[in-house]
Structures are given as structure tokens and as C-alpha cells.
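So the chains spell out like this:
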Amino acid sequence: MSKRKNPVGEENPNYDFCNFLLELAEYEKNVSRNMHKFSAYKKAAATLGEHPTRIKSGDEARKLKGIGDKISKKIDEFLATGKLKKLENIHNDPKTEAINILTKVTGIGPAKALSLYNQGFRTIEELQKNPESLTHHQKIGLKYYEDFEKKIPRQEIQEIEKRLKDLIQSIDSLYKITICGSYRRGKSESGDVDTLITHPNWTSDKVNKKDKNPMLKKIINALTVADLIIDTLSLGETKFMGACRLDSEHPVRRLDIRLTPYDQYYCSILYFTGSDVFNKTMRAHAVEQGFTLNEYTLRPLGSTGVPGEPIEITSEEDIFDFIDYPYKKPEDRNA
Ligand code: 8DG
Ligand code: CA
Ligand code: CA
């Protein structure tokens, strides 16, 4: 998950509400560690972000999906005073402020940030001077901290996509490559590049075999030799996290790559496209309909609640159909 706060631009009529809600969401995730509140704030921000006109009162907001009493009161407070007491308190609390800053480094989660805080760390600069207690991933995160904070314009992801496809398909033209995440949802800029790769000869019955699958390592090697990948945060058999760069004129970007079995491709695409809030809502709907949905498969839940065999899926639409959920194009999954 990228560490950006995704500030909403001023062109949005409710951008100031969205931004304080997103900030409250980050606080719940990183400091209070309350994921229910985190989701609630994110959902409310997404709803307001899609609303075409300026909200004029908490009452008006309360009529919208995902906005209840508490959030509508915050909107009233913000409209009346131009600020929120809760956020002021958060900003004035050094511990909260430090955790917010430290968790912006990729690889540093809330627990590590708290432990760093307890060791006396407050700023990125302090960490850079004393990086001894950090993992390899966290050190690389620190190295590219400033670049990783920058959003990636859509145009640049298109260029990265083209290079990825050229390089990977020159290893084997049957590789299928899809950039997912916010890019696939049509956003004009993204926090990172989420790449999904599959190959018709690699299916789930071949996973779990004791032989190591060399496919992803070969791909990462080729992308590194071509100087597109410049650092690795972590590399397993099916999952790569790292840093890439088009050329020295461009900032260093976060690149995620997952290699997924051919028969699980559509569940993976759906999952990796997000948004995370959309995924949660859709998974909950699947359960109501008697299915369990994850990034690998869709399976029926028997009367005992034990999942059955995976259902054969040949498109993203299939998944929506099976759980009787109205199809949503990627652009409409920003909630
Ligand atoms: P962004 O990078 O532009 O900030 O947005 P994003 O593309 O939507 O977010 P992401 O953090 O890169 O995650 C990509 C997708 O992965 C996300 O849209 C949905 C899926 N996903 C979840 N939960 C989680 C999670 O806990 N961690 C990660 N890394 N991805 C998740 O549904
Ligand atoms: Ca990502
Ligand atoms: Ca992303």
C-alpha cells in the first residue's frame, strides 16, 4: 500500500473536506490503529470526492452514502470555524506527528514507527543519520524518500508500461502484462506502479510444487540489466517490490510486480485494481451471497462455511455475475 495521503486537488468542490477526512483516516490507521475508523473516513472522503457540487452543511452531507452523524458534525465544525479541533490536537501532539512522518517511509509501519519514536527518532533526517536499526527495505525507502513522496503522472506510467511490456515480452511473447491500481482506475496520477503478470503455461496446479519458479527472477533480472529497475526492496517467487526509473531526468518510482497463475488472473486483476475500500465492499457482498472472494479465487461457501473448489473465471465480469453484483468499470471503483 502506498504511503501517500492522496491530497485532493482544489478543482474538486469538496476538496477541503476530503483532505481533512483523508488526514483523519491516516491518523486512525497509523496512530490509533483503528482500521474500522480508517475505512469509514476513506469511504466518506471518496463519496465527497465524487460529489459534483459543494456541500453546504453537515445535514446535506449526511444524506450521502457512508456519511453518518460524526462526520457530518465535523463538516459543520469545519464550515463554522475553518478547522477541526481533533486535527489541531493531532498536529500539536509530537508523538502523533512523529509517527505520521516516520510511517511515510516505505517498509515502516505503525509498530516500527512507534518503536523508533520510543528510541528518540522524530524526523526523516534523524533516521538518515542513524539508519542502523532499519531493514534493507526501510533503508531503500529512506534513500528514495523524497522521490517516493511524489505522484506519478499518468503519461509517465504509460511510458513505464510500454518499456515493461517490451522488455518482458522479449523474454517470452506470451507474457500478459496489466498495470492495475489507481492507474487502471483512470486516475491522472498514482502513488506507484502496480504490475500484474501472467503466462498461459503457468497455472495454479503448478504453484506449491517443490521446484522453485524462476520466472519472476528472470524478469526482474532483465528489467535490472535494462536499467529500468534500479533497486529491490524485496523479491520472492511471485512478488517483487522495488524502485524503477525511466531515465535520470525522471524521479525514482515505486514499482510492484506480481506474477499470478493464469487461472487466477482475473481475481488478481480485480484485487490489484482496488480501490481497497471497493475491494472490502465487494468481498462483503460476496460473503452475503455465499461466496468467498480473495486475490486468488472465488469459491462457494458450503452450509458449514467451508469454501468449495474455485469457480472457473474467464473475465472480471464473471466475478461480478457470480456474486450478483452490478458490474463496475475500473473508473467507477474509486470508492
Ligand atoms: P495509489 O498507489 O495511487 O496511492 O493508489 P492504489 O493503486 O489504489 O493503492 P496501492 O496501495 O498501490 O494498492 C493497489 C491495490 O491493491 C489497491 O487499490 C487494492 C489492493 N489492496 C487492497 N488491500 C491492500 C493492502 O492492504 N495492501 C496493498 N498493497 N494493496 C492492497 O485491497
Ligand atoms: Ca502498490
Ligand atoms: Ca498503486
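Residues numbered from 1 in each chain as written. Chains lettered and ligands numbered in written order. Predicted model: local features only at pLDDT ≥ 70, side-chain atom pairs only at ≥ 80, totals over all residues. Heavy atoms only, no water.

- Named according to an unreviewed UniProt entry, the chain is DNA polymerase originating from Phyllotreta striolata.
- In its Catalytic activity (unreviewed entry) section, the UniProt entry covering the chain states "DNA(n) + a 2'-deoxyribonucleoside 5'-triphosphate = DNA(n+1) + diphosphate".
- According to its UniProt record, the chain has this under Subcellular location (unreviewed entry): "Nucleus". (UniProt positions renumbered as here; feature names shortened; annotations may be inferred.)

**Topic: the sheet that holds strand β6 (residues 239–244)**
So, point 1. An order of β2-β4-β7-β6-β5 is seen for the five strands of this open sheet, with the pairing classed as mixed. Lying at the two open borders of the sheet, with one neighbouring strand each, are β2 (176–179) and β5 (229–235). Each strand of the sheet is rotated relative to its neighbour by a mean of 25°, with strand direction disregarded.
So, point 2. Contacts from helix α13 (residues 215–225) reach β4 (193–198), β5, β6 and β7 (253–259) within the one sheet, and its direction differs from that of β5 by about 155°.
So, point 3. Helix α14 (residues 265–273) rests against β2, β4 and β7 of the sheet, and its axis sits at about 175° to β4. (Pairing = 2+ DSSP bridges. Helix = DSSP H or I, 4+ residues; strand = E, 2+ residues; numbered from the N terminus. Axes fitted to C-alpha atoms, helices over the stretch in contact; angles between N-to-C directions. Contact = heavy atoms within 4.5 Å.)

**Focus: the coordination of the calcium ion (ligand 2)**
So, point 1. Summarising the metal site, the calcium ion (ligand 2) is bound by the protein donors D192 (OD), D194 (OD) and D256 (OD), whose distances to it range over 2.2 to 2.7 Å.
So, point 2. Written as a sequence motif, the donor arrangement for the calcium ion (ligand 2) is D-x1-D-x61-D.
So, point 3. Separation of the calcium ion (ligand 2) from the calcium ion (ligand 3) amounts to 3.8 Å, with D192 serving as a shared donor to the pair. Both residues of the pair, D192 and D194, belong to the buried class. (Donors = N, O, S within 2.8 Å, 3.2 Å for Na, K, Ca; no water. Buried < 20%, exposed > 50% of the residue type's maximum accessible area, 1.4 Å probe, protein only.)

**Observations regarding the UniProt feature "active site" (unreviewed entry) in the chain**
So, point 1. Feature annotation in UniProt assigns "active site" (unreviewed entry) to the following positions: K74.
So, point 2. Here K74 lies in helix α4 (residues 69–81).
So, point 3. On the basis of relative accessible area, K74 is assigned to the buried category, the value being 14%.
So, point 4. Look past the residues within four positions of K74 in its chain and what remains in contact with it is F20, L24, Y41, L84 and K86.

**Concerning unusual backbone geometry**
So, point 1. That bond from G274 to S275 is cis: its omega, 0°, falls within 30 degrees of zero.
So, point 2. Of note, R33 is a non-glycine position whose phi angle comes to about 60°, a positive value.
So, point 3. With respect to the helices and strands, the residue R33 is situated in the loop between α1 (15–32) and α2 (35–50).
So, point 4. Phi at D227 is positive, roughly 70°, even though this residue is not glycine.

**A closer look at the nonpolar core**
So, point 1. If you look at the biggest cluster of nonpolar residues, it comprises 25 residues, and the most contacted ones within it are L164, I168, I197, L223, L255 and I257.
So, point 2. Mapped by element, the contributors of at least two residues to this core are α11 (154–171), β2, β4, α13, β6 and β7.
So, point 3. Per-element accounting of this core gives the leading share, five residues, to α13.
So, point 4. If near-sequence neighbours (up to four positions away) are discounted, I197 is found in contact with I168, Y175, K176, I177, I219, I257, R258, L259, T260 and Y265.
So, point 5. Counting residues in each nonpolar core, the second largest holds 22 residues, with F20, L22, A44 and A61 among its members. (Core = buried A, V, L, I, M, F, W, Y, C linked by side-chain atoms within 4.5 Å.)

**So, the packing of α11 against α13**
So, point 1. The interhelical angle for the contact between α11 and α13, taken along N-to-C directions, is 125°, at an axis separation of 10 Å. Here α13 runs oblique to α11, going by the angle between their axes. When you trace α11 past α13, the crossing you get is right-handed. Taking contact as the criterion, the partners of L164, L167, I168 and I171 in α11 are, on α13, K218, I219, A222 and L223.
So, point 2. Looking at the contact of α11 with α13 residue by residue, the class counts come to seven nonpolar, no polar and one charged. (Parallel < 35°, antiparallel > 145°, perpendicular 65-115°, else oblique. Left-handed = near helix turned anticlockwise from the far one by under 90°. Nonpolar A, V, L, I, M, F, W, Y, C, P; charged D, E, K, R; others polar.)

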